[in-house]
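Results of the structural survey
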Amino acid sequence: MAGRPYRTEAVVLRSFRLGEADRVLHLYTLDRGRVGAVAKGIRKTMSRFGARLEPLSHVEALLHQGSGELQTVTGVELIRSHHSAREDRYRLGVGLVGAEAMLRLFTEQERNPRAFEALTRFLDLLDDVPVRAARPSLDPLVLSFQLKLLWLSGYLPHLTSCAECGATEQALVGYSARAGGAVCGACSEGALVLSESGIAGAESLLIRPLAEAGDVGLGDRSARDALAVITAAYEYFGNFRLRALRSA
Ligand SMILES: [Zn+2]
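Computed from a predicted structure; not experimentally measured. (Residues numbered from 1 in each chain as written. Predicted model: local features only at pLDDT ≥ 70, side-chain atom pairs only at ≥ 80, totals over all residues. Heavy atoms only, no water.)

Before going further, it helps to examine the overall build of the protein chain. Looking only at helices and strands, the protein chain has eight helices and eight strands in total. Taken along the three principal axes of its C-alpha coordinates, the protein chain extends 65 × 40 × 30 Å. Buried positions account for 49% of the 248 residues belonging to the protein chain. By element, 48% of the accessible surface of the protein chain is carried by carbon and sulfur atoms, the whole surface being about 11900 Å². Taking the average place of the 30 positive charges on the side chains of the protein chain and the average place of its 28 negative ones, the gap between the two points comes to 7 Å. (Helix = DSSP H or I, 4+ residues; strand = E, 2+ residues; numbered from the N terminus. Buried < 20%, exposed > 50% of the residue type's maximum accessible area, 1.4 Å probe, protein only. Areas by Shrake-Rupley, 256 points an atom, 1.4 Å probe, with all protein chains shown as cover. Lys, Arg positive; Asp, Glu negative; His and termini not counted. Charge placed at Lys NZ, Arg CZ, Asp CG, Glu CD.)

Okay, here's the thing in structure tokens:
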């Protein structure tokens, strides 16, 4: 389906060299969702593309869909560089977890403006994130972002009553990906054991805006519980683990 060049906002999720001079980009675009593209002759065109194709960059790209699987980048303008997110070790760790979550959950070339907006909002907030968790993967912003991505993917974690029996009076003691959410003691066989504050914290991160993730006041235990919910959902629904979590 060859077509004319088109212009779209895009975020560079991943970028790697292909041969001597080309670069392959995994983009999440506003117009078409996930797109793989190649920037040819990047050395010769350094002055044209410069650092605009670094991971986490928010750009306006001119893309051309040829006959191959990869589209071709023929032009790029910077919207936000997110330089301050990329140059700080903690923020970069947070950003790479978020970028990989996006890569794994949104794999289709299919327009999803809400997912794109969540991604750009996440990156805008990331530019000013202070070191506030033991590890980047426990930062409230990236936990909140991933819970929202799960929700946008249709895997809404149900965290306010028992997802198995519907009980609202019983304390919630665990998370069951199979049941789709938190479970009470009677339904907790085989479930991931979580603290009550962890379940409440994950619920707050899910329903409050990304900008308020830092105000949830998540303790270390609660942050670990929220991350456990996210990783269990990834494994159950998508059968994957994030590589970025190993180092972050
Ligand atoms: Zn129950």
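Within the structure shown, the criterion is met by nine salt bridges. Put simply, Arg-7 and Glu-60 hold a salt bridge, and the shortest N to O gap is 3.6 Å. On the criterion of sequence distance, the pair formed by Arg-7 in strand β1 (residues 6-18) and Glu-60 in strand β4 (residues 58-64) is long-range, its members being 53 residues apart. Notably, a salt bridge pairs Arg-241 with Glu-235, separated by 3.2 Å at the nearest N-O pair. Accessibility expressed as a relative area gives 64% for Arg-241, which makes it exposed. A relative accessible area of 35% places Glu-235 in the partly exposed class. (Salt bridge = Lys/Arg side-chain N within 4 Å of Asp/Glu carboxyl O.)

Attention now goes to the sheet that holds strand β6 (residues 172-176). The antiparallel open sheet is built from three strands, whose spatial order is β7-β6-β8. Looking at strand neighbours, the two that pair on one side only are β7 (181-184) and β8 (192-193), the edges of this open sheet. Pairing geometry for β6 and β7, over four bridges, is antiparallel. Each bridged residue has a counterpart across the sheet, and for Tyr-175 the counterpart in β7 is Ala-182. Relative to β6, helix α7 (residues 220-238) is tilted by about 35°, and along the sheet it contacts β6 and β8. (Pairing = 2+ DSSP bridges. Contact = heavy atoms within 4.5 Å. Axes fitted to C-alpha atoms, helices over the stretch in contact; angles between N-to-C directions.)

This part is about the domain arrangement of the protein chain. Taken domain by domain, the protein chain comprises domain 1 (6-81) and domain 2 (84-247). The C-alpha centroid of domain 2 is placed 28 Å from the C-alpha centroid of domain 1. Listed by partner, the interface residues are 23 residues for domain 1 and 23 residues for domain 2. For the domain 1 and domain 2 pair, buried surface summed over both sides reaches about 2000 Å², with 61% attributable to carbon and sulfur atoms. Per-residue buried area on domain 1 facing domain 2 is highest for Tyr-28, Arg-34 and Leu-56; these three make up 37% of the total on that side. Counting every contact that joins domain 1 to domain 2 gives two salt bridges. Note that Arg-111 is salt-bridged to Asp-31, the shortest N-O span being 4.0 Å. Along the contact surface separating domain 1 from domain 2 lie nine residue pairs in polar contact (both at pLDDT 80 or more). (Domains from an automatic or database assignment. Buried area = accessible area lost by both parts, 1.4 Å probe. Polar contact = N/O pair within 3.5 Å; in protein donor to acceptor, adjacent residues only side chain to side chain.)

Axis separation between helix α3 (residues 89-105) and helix α5 (residues 140-152) bottoms out at 10 Å; the angle between their running directions is 10°. By the angle class used here, α3 and α5 are roughly parallel. Across the interface between the two elements, Val-94, Val-97, Gly-98, Ala-101, Met-102 and Leu-105 of α3 pack against Val-142, Phe-145, Gln-146, Leu-149 and Leu-150 of α5. Looking at side-chain class alone, the contact of α3 with α5 contains nine nonpolar, two polar and no charged residues. (Parallel < 35°, antiparallel > 145°, perpendicular 65-115°, else oblique. Nonpolar A, V, L, I, M, F, W, Y, C, P; charged D, E, K, R; others polar.)

The mixed closed barrel is built from five strands, whose spatial order is β1-β2-β3-β5-β4. Going across the sheet, the axis of each strand differs from the next one's by a mean of 50°, ignoring polarity. One ladder, built from two bridges, connects strand β3 (residues 33-39) with strand β5 (residues 71-80); its direction is parallel. By the bridge assignment for β5, Val-38 is matched with Thr-72. Across the sheet, α3 is in contact with β1, β2 (22-29) and β3; its angle to β1 comes to roughly 105°.

Here we take up the layout of surface pockets. Over the atoms, a rolled probe matching the size of one water molecule traces out where space is still vacant. Quantified by volume, the largest pocket comes out at close to 250 Å³. Looking at the lining of the largest pocket, the elements with two or more residues in it are α4 (113-126), α5 and α6 (196-207). Per element, the largest residue contribution to the lining of the largest pocket is four residues, and it comes from α4. Of the residues assigned to the lining of the largest pocket, the class counts are nine nonpolar, no polar and four charged. (1 Å grid on protein atoms, 1.4 Å probe; cavity = no way out; pocket = protein on both sides within 12 Å on 5 of 7 lines; lining within 4 Å. Points joined across faces, edges and corners; volume = space filled by probe spheres on them.)

Each protein donor to the zinc ion is listed here as Cys-162 (SG), Cys-165 (SG), Cys-184 (SG) and Cys-187 (SG); together their distances run 2.3 Å. The coordination sphere of the zinc ion comprises four donor atoms, whose angles at the metal cover 105 to 115°; the geometry is tetrahedral. Mapped onto the sequence, the donors of the zinc ion take the spacing C-x2-C-x18-C-x2-C. The pair Cys-184 / Cys-187 is uniform in exposure class, with both members buried. (Donors = N, O, S within 2.8 Å, 3.2 Å for Na, K, Ca; no water. Tetrahedral: all angles 85-135°; square planar, octahedral: opposite > 155°, others 65-115°.)

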